[in-house]
Structure formats: C-alpha cells, structure tokens
Amino acid sequence: MPAFAYVNGRYLPLAHASLPVEDRGTQFADAVYEVIAMFGSQPLDWRAHCWRLRRGLAALFIAGAPEEPALAHIAKTLWRRARLEDGLLYIQVSRGTARRDHGFPANTAPNLVMTARAFDFRQRLRQQQTGVAVVSLPDQRWQRCDLKTTGLLGAVLGKAEARRLGAFEAMFYREDGTVTEGASTNMWLVEPSGTLVTHPLSAHILPGVMRETVLRLARDAQFTVAERPFTLAQARTAPELFLTSTTGPLLPITRLDGRPVGTGTAHAGIPGPTATRLATLLWNEITRQTGWHP
Ligand SMILES: Cc1ncc(COP(=O)(O)O)c(C=O)c1O
C-alpha cells in the first residue's frame, strides 16, 4: 500500500509530497510532531496526542495551527485515501516558511504535514515473546526533552549507536547515573517488591502517551507505581525492565549491555511476569479503544 501525505490542504502520494526549502522545521527544527498508532483505522489515545501537540505548539509560541476537530477530519480523510488499516499517522506542525532568520517571522502561517503509513503491530507481539536488547548510552540531548520537537539528532545518533551494537534501543543516562528514557521510548524498572518505577515527568523526558496509559492501567490493576528516577546500577540488578512507546507498545527488555536482565531470577534473560501481565492489559485496552484484535 503506497504511503500517503497531506501538506497544507493537499492530499497526495508521499513520493510527490514536499515542503519549501525554507520551512522552519527543515532549517531550525522549529516544529513539533506526533506519531499516533492506528489500529484498524482507529486512533489510539487520540486526545492525549492532540493535547501534547497543543502543549508543544504553545511552548514554541506557534499560533494558527488547526484545532483538534480539524486535525481529526484531515487525519480521517488521509487514512481513507491511503486505504490503510493498521499503521502510523505522523503529524508535524512547523512555524511555517520564511526567509531564513533565527528570529520568529511575522505573519507566517504554520505548515501542517501528515503522513499515513502501514505498520505491522503483530510483529510486536512476536518481539514481546523474546524481549529486546538495549544498550546504555550517555544522554546527549538538549534541556527540553519534554517537548516533542523535530530536533531529534541526539535521539537519532543514540538509536544508530544502539543498532550498531545490535540492540533494539538505547537507554539514556545522565552524568549522575540516572536513567532518563530511550531514544524513542520510556523506560521502566520492576523492583524485587513488584513496584513499577519510571522517571517522573520533567524536562529530561518526553511525557509518553503510552507511559501515561500504562501508568493508568497499572494503577487500576493495583500495581504499586513510583514515578521517580532509577539509576543504571539499579537497572543492572533489577528483576525486570521494559519499555513503552506508541510503536512498542510495551516490550520486555531482556538484555542490557549484552548481559541478561534479571540475572539470578527464574526469568533471567526472558520476559518477566510483570511486563507480560502489563502487556496483556495494554493489548486489552487497545481492543477496548479501537476494536482491534491481535
Ligand atoms: C524520547 C521519547 N521518549 C518516549 C517516547 C514514547 O512516547 P509515546 O508513548 O507518546 O509514543 C518517544 C516517542 O517517540 C520519544 O521520542
């Protein structure tokens, strides 16, 4: 199925879609974006993604982007034209096109881009059975990781290094040893007591939509949850680690820096019971919201 795009009012095959050279997103990463999972043409957590997009636009002082109902209409039309079922909807809003100058241009309308691509979520169910490998890397990103901007070079280089080392994802840590998140995922640790730990919301991490959904499901299922930092040293001895993201959506981490996770426990190097249980709760939630069945 060919990928489709929407650019400032036009729907067209992705191969024919483009933005002007002086789009501020291209020259300054002066843009925010969202990636939304579509299960059988139904978006997951649509409102949470729109809320985060709106928050990012406000933080960057980008005004004039379409509101949620208009975005929903465009997304629906795009998905229909692309004749897709399962896939990823990408939304990007830049400050617009203007003569290159660092300062904000006056009277410039934002550029709105959406793309629609197929994505096989069932591959994730298979990866869930084996778990994935991660490698720890220093967090070299900027100081506002809470904003989902297209300035992703730190994440891109981290992901490339992880892939070079044969891993699925990077686990970023700060100078003090605190684990922040992955290059494009949020990181979780399960303590021996069963408590789930994930970095609190701050400028050091992206407020992941899947992170929020898993927090809600975990609390509803009576898990004890702590939003506090954990260290790389703690991760190395944790019974279980896992990651979450829109495209994940929840994958057990079974190797960290080449060593099995959960060393000394019954499930060392294989997915643990907590991540497996939470993943089941999450797939059930996906079915509840979208009607999708694995
Ligand atoms: C840095 C970072 N953290 C976490 C996530 C996960 O966020 P979400 O669950 O909203 O996909 C992403 C997603 O791209 C990300 O780029």
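Residues numbered from 1 in each chain as written. Predicted model: local features only at pLDDT ≥ 70, side-chain atom pairs only at ≥ 80, totals over all residues. Heavy atoms only, no water.

Concerning the domain arrangement of the protein
(1) Moving on: Annotation of the protein at the domain level lists domain 1 (4-119) and domain 2 (124-290).
(2) Moving on: Averaged C-alpha coordinates put domain 1 and domain 2 at centres separated by 27 Å.
(3) Moving on: Counting from both sides, the interface comprises 25 residues of domain 1 and, opposite them, 21 residues of domain 2.
(4) Moving on: Across the interface of domain 1 and domain 2, roughly 1900 Å² is buried in total on both sides, 65% from carbon and sulfur atoms.
(5) Moving on: Contact with domain 2 buries surface across domain 1, with Tyr 33, Leu 44 and Arg 52 losing the most and accounting together for 32% of the total.
(6) Moving on: Viewed at the interface, domain 2 and domain 1 are joined by one salt bridge.
(7) Moving on: Arg 55 is paired through a salt bridge with Asp 146; the nearest N and O atoms lie 2.9 Å apart.
(8) Moving on: Our enumeration of links across domain 1 and domain 2 arrives at six residue pairs in polar contact (both at pLDDT 80 or more).
(9) Moving on: Broken down by secondary-structure element, the contributors of at least two residues to the side of domain 1 that touches domain 2 are strand E3 (31-39), strand E4 (42-43), helix H2 (46-59) and strand E5 (87-94). (Domains from an automatic or database assignment. Contact = heavy atoms within 4.5 Å. Buried area = accessible area lost by both parts, 1.4 Å probe. Salt bridge = Lys/Arg side-chain N within 4 Å of Asp/Glu carboxyl O. Polar contact = N/O pair within 3.5 Å; in protein donor to acceptor, adjacent residues only side chain to side chain. Helix = DSSP H or I, 4+ residues; strand = E, 2+ residues; numbered from the N terminus.)

Comments concerning the site of the ligand
(1) Moving on: Taken together, 15 residues lie around the ligand, and Arg 52, Glu 181, Val 209, Met 210 and Thr 246 are the ones closest in.
(2) Moving on: Residue Glu 181 places a side-chain N or O atom 2.7 Å away from a nitrogen atom belonging to the ligand.
(3) Moving on: One of the backbone N or O atoms of Val 209 is found 2.8 Å from an oxygen atom in the ligand.
(4) Moving on: Within the complex, 92% of the 390 Å² of free accessible area of the ligand lies under protein.
(5) Moving on: The cavity where the ligand resides is the largest pocket.
(6) Moving on: At the level of secondary structure, the elements contributing two or more residues to the shell around the ligand comprise strand E9 (178-182) and helix H6 (209-220). (Near = heavy atom within 4 Å. Areas by Shrake-Rupley, 256 points an atom, 1.4 Å probe, with all protein chains shown as cover. 1 Å grid on protein atoms, 1.4 Å probe; cavity = no way out; pocket = protein on both sides within 12 Å on 5 of 7 lines; lining within 4 Å. Sits in = over half its atoms within 2 Å of the grid points.)

Structural notes on the packing of H6 against helix H8 (residues 273-290)
(1) Moving on: Put simply, H6 and H8 touch, their axes get as near as 10 Å, and they point 105° apart. The orientation of H6 relative to H8 falls into the category roughly perpendicular. Mapping the contact onto sequence places Met 210, Thr 213, Val 214, Arg 216, Leu 217 and Ala 218 in H6 and Leu 278, Leu 281, Leu 282, Glu 285 and Gln 289 in H8.
(2) Moving on: When the residues that make up the contact of H6 with H8 are grouped by side-chain class, the tally is seven nonpolar, two polar and two charged. (Axes fitted to C-alpha atoms, helices over the stretch in contact; angles between N-to-C directions. Parallel < 35°, antiparallel > 145°, perpendicular 65-115°, else oblique. Nonpolar A, V, L, I, M, F, W, Y, C, P; charged D, E, K, R; others polar.)

Concerning the packing of aromatic side chains
(1) Moving on: Considering all chains together, one arrives at nine aromatic pairs under this definition.
(2) Moving on: Measuring from ring centre to ring centre gives 4.9 Å for Phe 119 and Phe 121, while their planes differ by 65°; the resulting arrangement is edge-to-face. Summarising the burial analysis for this pair, Phe 119 and Phe 121 share the class buried.
(3) Moving on: An aromatic cluster is present here, built from Phe 39, Phe 119, Phe 121, Trp 283 and Trp 292 joined pairwise through their rings.
(4) Moving on: Directly above the aromatic system of Phe 104 lies the positively charged group of Arg 95, at a separation of 3.6 Å from the ring centroid. (Phe/Tyr/Trp six-rings, centres within 6.5 Å; stacked < 30°, edge-to-face > 60°. Buried < 20%, exposed > 50% of the residue type's maximum accessible area, 1.4 Å probe, protein only. Lys NZ or Arg CZ within 6 Å of the ring centre and 35° of its normal.)

Observations regarding the pattern of salt bridges
(1) Moving on: As enumerated under the stated definition, the model contains 19 salt bridges in all.
(2) Moving on: Note that Glu 34 is salt-bridged to Arg 52, the shortest N-O span being 2.7 Å. Note that Glu 34 is positioned in strand E3 and Arg 52 in helix H2, a separation of 18 residues in sequence. Here Glu 34 and Arg 52 have matching classes, each one buried.
(3) Moving on: The partner of Arg 141 in a salt bridge is Glu 181, and the shortest N-O contact between them spans 2.9 Å.

What about the pairing of E9?
(1) Moving on: The buried fraction of E9 amounts to five of the five residues, a majority that puts the element mostly inside the structure.
(2) Moving on: Sheet topology places strand E8 (residues 169-173) next to E9; two bridges connect them, and they run antiparallel. Across the sheet, residue Met 171 finds its bridge partner in E9, namely Gly 182.
(3) Moving on: The turn linking E8 back onto E9 is made up of four residues, and Gly 177 within it adopts a positive phi angle of 90°. (Pairing = 2+ DSSP bridges.)

Some words on the pairing of strand E7 (residues 132-138)
(1) Moving on: Along E7, five of the seven residues are buried, which leaves the element largely enclosed by surrounding structure.
(2) Moving on: Where E7 meets strand E15 (residues 250-256), three bridges bridge the pair, whose relative direction is parallel. When the bridges of E15 are listed, Ala 133 appears paired with Arg 255.
(3) Moving on: Relative to E8, E7 runs parallel, the two sharing five bridges.

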